[in-house]
Amino acid sequence: MRVLDHPILGRLEARRKVTITVDGQPVEAFEGEPILAALLAKGIRVNRITKKRHEPRGLFCGIGRCTDCVMVVNGVPNVRTCVTPVAEGMTVETQQGLGKWGKAK
Amino acid sequence: MTRSDVTIIGAGPAGLAAAIEAARAGAKVVLVDENARPGGQLFKQIHKFFGSREHFAGTRGIDLARKLCQEAQELGVQLVLDTAAFAIYDGRIVAGTTPKGTVQIESERIILATGAMENTFSFKGWTKPGVMGAGAAQTMINLHRVLPGSRILMVGSGNVGLIVTYQLLQAGADVVAVIEALPKIGGYAVHAAKVRRAGVPILTSHTVLEAKGEPEVSSAVICQLDDFKPVAGTEREVEVDTVCLAVGLTPLAELAWMAGCQCEYLPALGGFVPVHDERMETTVKGIFVAGDVTGVEEASTAIEEGRLAGIAAAASLGLLSPDEAEERMTAAWERLAALRMGPFGEGRQAAKEQLMKVGKAG
Ligand code: FES
């Protein structure tokens, strides 16, 4: 959910929108925001499934240190979505285990 | 290879202040940061600082960050962003990794202003999506303007826990409670009062036992503690989709360790911190420290330490006369002493003195 109105920060200013594809579905995002933020705005909180125990993981540190938020981005596994900005046409996939390399864009 | 007089790692409040002072003295300064923009954690601090007037009381972190960034830019500080410093060689070469490859910066002096990271603690279900650092939630709401969840349990009543609780409310979330393992509230009374006035209960002598839900958090089990042990029969399940952990910070001293700086374990400062003297110089000549990396405190103290390190580094290069340096450093020390007064500051003041005593002995 987006924080549209804020008592200190004011109204969320309109920014250029881009469309990314998340697990095959189009998702609208604001240019420059981290992938993770665009996903949270849509209520998506599971970023990956662990290799051994198949457990879900999501946002934990939000500053690129813990790697719990990694996903397969444009065919590249283990991309930290909390510090990687979205870009038009980006493909993002929930990472299974260590992730599979796909066709890079 | 880039060359500079002073290379500073970390562009948060300490690093920016150090850069400004060193550049003002005439040094060629390179400021390295792993993020896409400078400011560190200041940009998510939307509350007003308090304390004395010289200490930006009434100023919000975001405004201060803008001011410091602008000043650094006007003084010609060279920003090297998107660059994570991963090593220091020979006490004078900083190696960093960027999306385009590796860079090296050689300089006469290095200032480490790498900050701190959030602590965590484990309980059943703590790895589920929905359990996160309070700082992570703060980054999402204040910087990226998205809510990580809508009903929140805050674990920890230190200043971070209290401030982030209030900011979550401002962002439109519900905080069902702040829980605290100690029998008393950890943070400032002003913050606690604000949270309570907003209707959020602060439950002392309480902890979280479990985060439940599949695949994400949908509730949490909390219980009362007696002398840190769970009291049987007091467990209750609260409906929340998010559990925020505000259980302290640990200094990011890896680079100092690697460079061979002596570190000391001082719990009041957050763990192992590099030893330094009154000039903020570590036990390795030419390497200085400032801010949370050498003791978790606040943005205002980080700025003063940054100033000290910047002035000292420039003075050691002969860019300031000893008298000038002395005068500026004395002023910064006076401001620091004022910031470290009061029940919260005293413990840190004592720990800092101990740290510097070790520095002198070594
Ligand atoms: S949430 Fe920790 S690296 Fe992204």
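Our subject is the structure listed above.
Attention here is on the structure that accompanies the text. One numbering rule holds for all chains: residues counted from 1, following each sequence as written. Numbering of ligands from 1 and lettering of chains from A proceed in the order in which they are written. Thresholds applied to this predicted model are a pLDDT of at least 70 for local features of residues and 80 or more for the giving and counting of side-chain atom pairs; totals over whole chains, interfaces and linings are not thresholded and use all residues. Only hydrogens and water are set aside; all other atoms, that is, all heavy atoms of the structure, feed into the side-chain values.

## Some thoughts on the overall build of chain A
Each helix is a run of H or I in the DSSP string that is no shorter than four residues. Each strand is a run of E no shorter than two, and both are numbered from the N terminus. Summing up its helical and strand segments, chain A has one helix and 10 strands in all. The helix and strand sequence of chain A, counted from the amino end, reads β-β-β-β-α-β-β-β-β-β-β. Here the globule rule reads 2.2 Å times residues to the power 0.38, and the radius of gyration is calculated from C-alpha atoms. A compact globule built from 105 residues would reach a C-alpha radius of gyration of about 13 Å, and chain A, at 14 Å, matches this within 12%. Relative to its 105 residues, chain A shows a buried fraction of 49%. Contact criterion: two residues are considered in contact whenever any of their non-hydrogen atoms come within 4.5 Å of each other. Considering only residue pairs separated by 6 or more positions, chain A has 44% of its internal contacts joining residues 24 or more positions apart. Here chain A has roughly 5600 Å² of accessible surface; of this, 52% comes from carbon and sulfur atoms. Positive and negative side-chain charges of chain A, numbering 17 and 10 respectively, have mean locations separated by a distance of 7 Å. Note on exposure labels: buried denotes an accessible area under 20% of the residue type's maximum, exposed denotes more than 50%, and partly exposed covers the range between, all computed with a 1.4 Å probe on protein chains only. In short, Shrake-Rupley with a 1.4 Å probe defines the accessible areas, and a residue's cover is counted only from the protein chains shown. Counted as positive: Lys and Arg. Counted as negative: Asp and Glu. His and the chain ends are not counted at all. A charge is said to be at NZ when it belongs to Lys, at CZ for Arg, at CG for Asp and at CD for Glu.

## Side note on the interface of chain B and chain A
At the interface, 34 residues of chain B touch 29 residues of chain A. Accessible area that two parts lose when put together, evaluated with a 1.4 Å probe and summed over both, is termed the buried area. Summing both sides of the interface, chain B and chain A together bury roughly 2800 Å²; the carbon and sulfur share of this comes to 60%. Here, a salt bridge means any Lys or Arg side-chain nitrogen found within 4 Å of an Asp or Glu carboxyl oxygen. If you look at where chain B meets chain A, you find two salt bridges. Between Arg65 of chain A and Glu254 of chain B there is a salt bridge, with its nearest N and O atoms 3.3 Å apart. The definition of a polar contact used here is a pair of N or O atoms within 3.5 Å, where within protein one atom must be able to donate a hydrogen and the other to accept one, and adjacent residues in sequence count solely through side-chain atom pairs. Between chain B and chain A we count 11 residue pairs in polar contact (both at pLDDT 80 or more) in total. Of all the elements in the fold, those that place two or more residues in the side of chain B that touches chain A are strand S8 (131-133), helix H3 (134-143) and strand S16 (242-245) of chain B. Taken together, the residues of the side of chain B that touches chain A break down into 17 nonpolar, 11 polar and six charged. Three classes are used: nonpolar for Ala, Val, Leu, Ile, Met, Phe, Trp, Tyr, Cys and Pro, charged for Asp, Glu, Lys and Arg, and polar for all others, with Gly counted as polar.

## A short note on the pattern of salt bridges
Two side chains carrying opposite charge are able to pair once their charged atoms lie near each other. Using the criterion set out here, one finds 29 salt bridges over all chains in the structure. The network of salt bridges with common partners includes Glu21, Arg24, Lys67, Glu71, Glu304, Arg307 and Arg335 of chain B.

## Let's talk about the nonpolar core
Here, nonpolar core refers to any group of buried Ala, Val, Leu, Ile, Met, Phe, Trp, Tyr and Cys residues whose side-chain atoms link them within 4.5 Å. Val6, Ile8, Val29 and Ile111 of chain B are the most contacted members of the largest nonpolar core, which has 46 residues in total. Of all elements in the fold, only strand S1 (2-9), helix H1 (13-24), strand S2 (29-32), helix H2 (61-74), helix H7 (299-316) and helix H8 (322-339) of chain B reach the threshold of two or more residues within this core. Those residues within four positions of Ile111 of chain B in sequence are excluded, and the remaining contacts are Val6, Thr7, Ile8, Ile9, Ala18, Phe288, Ala309, Gly310 and Ala313 of chain B. Judged by nonpolar contacts, the second largest core, of 31 residues, contains Ala37 of chain A together with Val178, Cys244 and Ala246 of chain B.

## Observations regarding the sheet that holds strand S10 (residues 95-96) of chain A
All names here are of chain A. Pairing between strands is defined by DSSP: at least two bridges between them are needed. Strand order in the open sheet formed by three strands is S6-S5-S10, and the pairing between neighbours is mixed. Two strands in the sheet have a free side with no partner beyond their single neighbour: strand S6 (56-57) and S10. Summarising the sheet, strand S5 (residues 48-49) and S6 pair through two bridges and their orientation is antiparallel. Its bridge partner lying in S6, Ile49 is registered against Pro56.

## Quick look at the packing of H7 of chain B against H8 of chain B
Residue and element names in this part refer to chain B. Interaxial angles span 0 to 180 degrees and are taken between N-to-C directions of axes, which are lines fitted to C-alpha atoms, for helices over the stretch in contact. At a minimum axis separation of 9 Å, H7 and H8 run at an interaxial angle of 165°. Here H8 runs roughly antiparallel to H7, going by the angle between their axes. As for how H7 packs across H8, the hand of that crossing is left-handed. Here Ser300, Thr301, Glu304, Glu305, Arg307, Leu308, Ile311, Ala312 and Ala315 of H7 lie close against H8, whose contacting residues are Ala325, Arg328, Met329, Ala332, Trp333, Arg335, Leu336 and Leu339. Here the residues of the contact of H7 with H8 are counted per class, giving 10 nonpolar, two polar and five charged. In this scheme, roughly parallel covers angles under 35 degrees and roughly antiparallel covers those over 145, while 65 to 115 is roughly perpendicular and the rest are oblique. Here a crossing is taken to be left-handed if its near helix is turned anticlockwise relative to the far helix by less than a right angle, and right-handed if that turn runs clockwise.

## Re the sheet that holds strand S4 (residues 25-30) of chain A
All names here are of chain A. Sheet architecture is open: five strands sit in the order S4-S3-S9-S7-S8, paired in mixed fashion. The outermost strands of the open sheet, each flanked by one partner alone, are S4 and strand S8 (76-80). Adjacent strand axes in the sheet meet at a mean angle of 40°, parallel and antiparallel pairs treated alike.

## Details of H8 of chain B
Residue and element names in this part refer to chain B. To estimate how far a helix should reach, multiply one less than its number of residues by 1.5 Å. The end-to-end C-alpha distance of H8 is 25 Å, a good match for the 26 Å that 18 residues give at a rise of 1.5 Å each. Looking only at H8, the buried set comprises Ala325, Met329, Ala332, Leu336 and Leu339. Around the axis of H8, the buried residues are gathered within 65° of arc, so they sit on the same side. Counted as exposed and oriented over 90 degrees from the buried face of H8: Asp323, Glu327 and Glu334. Directions pointing from the helix axis toward each C-beta atom define the arc.

## Notes on the packing of aromatic side chains
Residues and elements named next belong to chain B. Stacked, edge-to-face and tilted labels apply to pairs of Phe, Tyr and Trp rings (six-membered ring for Trp) whose centres lie within 6.5 Å, assigned for plane angles under 30 degrees, over 60, and everything in between, in that order. In this structure the tally under the stated criterion is four aromatic pairs over all chains. Between Phe121 and Phe123, the aromatic rings sit 5.3 Å apart at their centres with planes inclined by 45°, giving tilted as the arrangement. Each residue in the set Trp257, Tyr265 and Phe272 is aromatic and connected to the rest through ring pairs, giving one cluster. Residue placement shows Arg37 over the ring face of Phe43; its charged tip is 3.9 Å from the ring centre. For a ring to carry a charge above it, either NZ of a lysine or CZ of an arginine must fall within 6 Å of the ring centroid while also lying within 35 degrees of the normal to the ring plane.

## Description of H1 of chain B
Residue and element names in this part refer to chain B. For H1, built from 12 residues, the straight-helix expectation of 16 Å at 1.5 Å per residue is met to within 8% by its first-to-last C-alpha distance of 16 Å. Across the 12 residues of H1, 11 count as buried, placing the element largely inside the fold. By the burial criterion, the buried members of H1 are Pro13, Ala14, Gly15, Leu16, Ala17, Ala18, Ala19, Ile20, Glu21, Ala22 and Ala23. Gly26 sits one or two residues past H1 and shows a positive phi near 105°.

## Some words on the environment of Pro148 of chain B
You can see Pro148 of chain B is positioned in the loop between H3 and strand S9 (151-155). Residue Pro148 of chain B is classed as buried on the basis of its relative accessible area, which comes to 2%. Ignoring any residue separated from it by four or fewer positions in sequence, one finds Pro148 of chain B in contact with Leu40, Arg45 and Leu59 of chain A together with Met132, Ala137, Met140, Ile141 and Thr242 of chain B.

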